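Now for the letters of each chain:
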Amino acid sequence: MNNLEEIRSIFHNKKILIWGFGKEGKSTYKLIKEICPDQEVDFLDQDTEMLSVFFSEEKINTTRIIDKNISQEELELYDMIVKSPGVNVSKYNFQNLNIRSQADIFIQIFRNQIIGITGSKGKSTVASLTYHLLNKCNIHCLLGGNIGIPPFDLIKDITEKSLIVLELSAHQLEFCKHSPRISILLNLFEEHLDHFGSFENYAQAKMNIMNWQSPGDLFFCNQEIDYFPYTNKEIFPLGHCIKSSLEQNDKASLFMQGARLLLKFGPIEYKLCGFLDYVTLPGKHNLFNSMIATAASLVCGADPLNIRKGFYSYETLDHRLQFAGIFGGMKCYNDSISTIPQSTIEALNTLEKTDILLLGGYDRGIDYSCLTERLKKESPRVIICMREAGKRIYDEIKNHTSATVLFTSSLAEAMNRINELKKKEDVCLLSPAAASYGEFKNFEERGKEFIKILRELQD
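Residues numbered from 1 in each chain as written. Predicted model: local features only at pLDDT ≥ 70, side-chain atom pairs only at ≥ 80, totals over all residues. Heavy atoms only, no water.

Student: Mind showing me how you'd approach the sheet that holds strand E7 (residues 141-145) here?
Tutor: Within a beta sheet, neighbouring strands are joined by backbone hydrogen bonds and run either parallel or antiparallel to one another. An order of E7-E8-E6-E9-E10 is seen for the 5 strands of this open sheet, with the pairing classed as parallel. Of all strands in the sheet, those bounded by a partner on one side alone are E7 and strand E10 (218-221). On average, each strand axis in the sheet is inclined to that of its neighbour by 15°, with strand direction left out of account. Across the face of the sheet, helix H9 (residues 199-211) comes into contact with strand E6 (114-118), strand E9 (182-185) and E10 while running at roughly 160° to E6. Sitting on the sheet, helix H12 (residues 284-299) touches E6, E9 and E10, and the angle it makes with E10 is about 165°. (Pairing = 2+ DSSP bridges. Helix = DSSP H or I, 4+ residues; strand = E, 2+ residues; numbered from the N terminus. Axes fitted to C-alpha atoms, helices over the stretch in contact; angles between N-to-C directions. Contact = heavy atoms within 4.5 Å.)

Here it is, written out as structure tokens:
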């Protein structure tokens, strides 16, 4: 059975509900209609009007729009519910529902070709870097997943020899019952508690990247992670796992001896692996990210010399400690991707100095103590705290630091205050440690608005 036939068998003659009609929902519908043209599909989305307009414009009459207040009994009538990332089903008894994700179906079909990458932070960098290094080594490789390309959109370009680098969020992994052959867990911090309800639920979703692996699969894990609920498997001897010996690939086997040391995350181990001088990304955390991407590339047969060359041509992703320019003599950095306190601390550690720091956004109830303690001991000259999460940070540090600490209700208001307080040769850092929701659609929109306002202030 070829891959399309296998996918067809998953959907054929099923009563299907696609829950969520964003990028992945549309991608799922497109694939189903391509391989099962007569298949009826129901849709559920908060924006029922948008669905009606879409199906009317596309002249689609083989679908049905379900009311957003669907009952448990109605959901149980479906053979399969393909849930989009971010859709929260916590109010339902989902144990009685056959919930699948696009990522889970994709991994089921292509698992042997997939390098799956997850973590609270750094997964986009490691995914894009691994993809870049493999392609520089003339290994046909595709990139998709949480990085912005629905997995199903890759299918048309997959060959038997293709490798697929798949960035996977906790939302995509939440209901997974399949794991990639090569899986990577970079780190694990409090994140998305508004969706998962607790750190334990969030962590267990992340663990699905390895929980369904088979003997002989590979799992790379940062040894600093100490949350492993699945202790019945012999896969965490030292807080990390390499599940096969790789004797058939001497080069990879030798490197993995170094990788075991690498995962202890110390400077001596990096030098032993021999790639330290070639890492071009800023920050200690990116040394770890770069070495994990190197390890994944080597076990896939990449040539070390071409990997080293690949580092020189890799360009950092936008909104990730991105140098935004000099505005009015002030150097500005856009780290809008930072939605947790640990990533803001890494940004502060990476820059030689920070004079003005912008923090805050949507409050998801995560613990900010590691960041507030750092700011009480060592802080920029000016700290501007924005919105609900910023108010929590503001209340915690305002009387415990020599910095000028301000609270604002929006990014626009914060930028006006920066314009009043900035000095020549200041370094300004947007690293919010909070989600963007409420004021912005996503962190990309927030980062773009930051740069836009900076340019307007300069004009």
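Student: Help me understand the environment of Ile139, please; the structure alone is not making it clear to me.
Tutor: Along the chain, the position of Ile139 falls in the loop between helix H6 (123-136) and E7. For the pair Ile139 and Gly301, spaced 162 residues apart in the sequence, the C-alpha separation amounts to 8.5 Å. For Ile139, the residues in contact, after removing those within four places along its chain, are Leu134, Leu163, Cys300, Gly301 and Ala302.

Student: Where do I start with the packing of helix H17 (residues 411-421) against helix H18 (residues 443-458) in this structure?
Tutor: A pair of packed helices is captured by two measures, namely the crossing angle of their axes and the spacing between those axes. For the pair H17 and H18, the least separation of the axes is 10 Å and the interaxial angle reads 35°. H17 and H18 meet at a crossing whose hand is right-handed. In contact with Leu411, Ala412, Met415, Asn416 and Asn419 of H17, H18 contributes Arg446, Glu449, Phe450, Ile453, Leu454 and Leu457. In the contact of H17 with H18, the residues fall into 7 nonpolar, 2 polar and 2 charged. (Left-handed = near helix turned anticlockwise from the far one by under 90°. Nonpolar A, V, L, I, M, F, W, Y, C, P; charged D, E, K, R; others polar.)

Student: What is the right way to look at H6 in this model?
Tutor: The α-helix winds at 3.6 residues per turn, so residues separated by three or four positions along the chain end up facing the same way. Spanning 14 residues, H6 covers 20 Å between terminal C-alpha atoms, matching the ideal 20 Å at 1.5 Å per step. Taking burial as the measure, the 14 residues of H6 include 11 buried ones, the bulk of the element. Taken residue by residue, H6 has Lys123, Ser124, Thr125, Val126, Ala127, Ser128, Leu129, Thr130, His132, Leu133 and Leu134 as its buried positions. Just past H6, the residue Asn138 takes up positive phi, approximately 60°. (Expected span 1.5 Å × (residues − 1). Buried < 20%, exposed > 50% of the residue type's maximum accessible area, 1.4 Å probe, protein only.)

Purely geometric numbers; function is a separate question.
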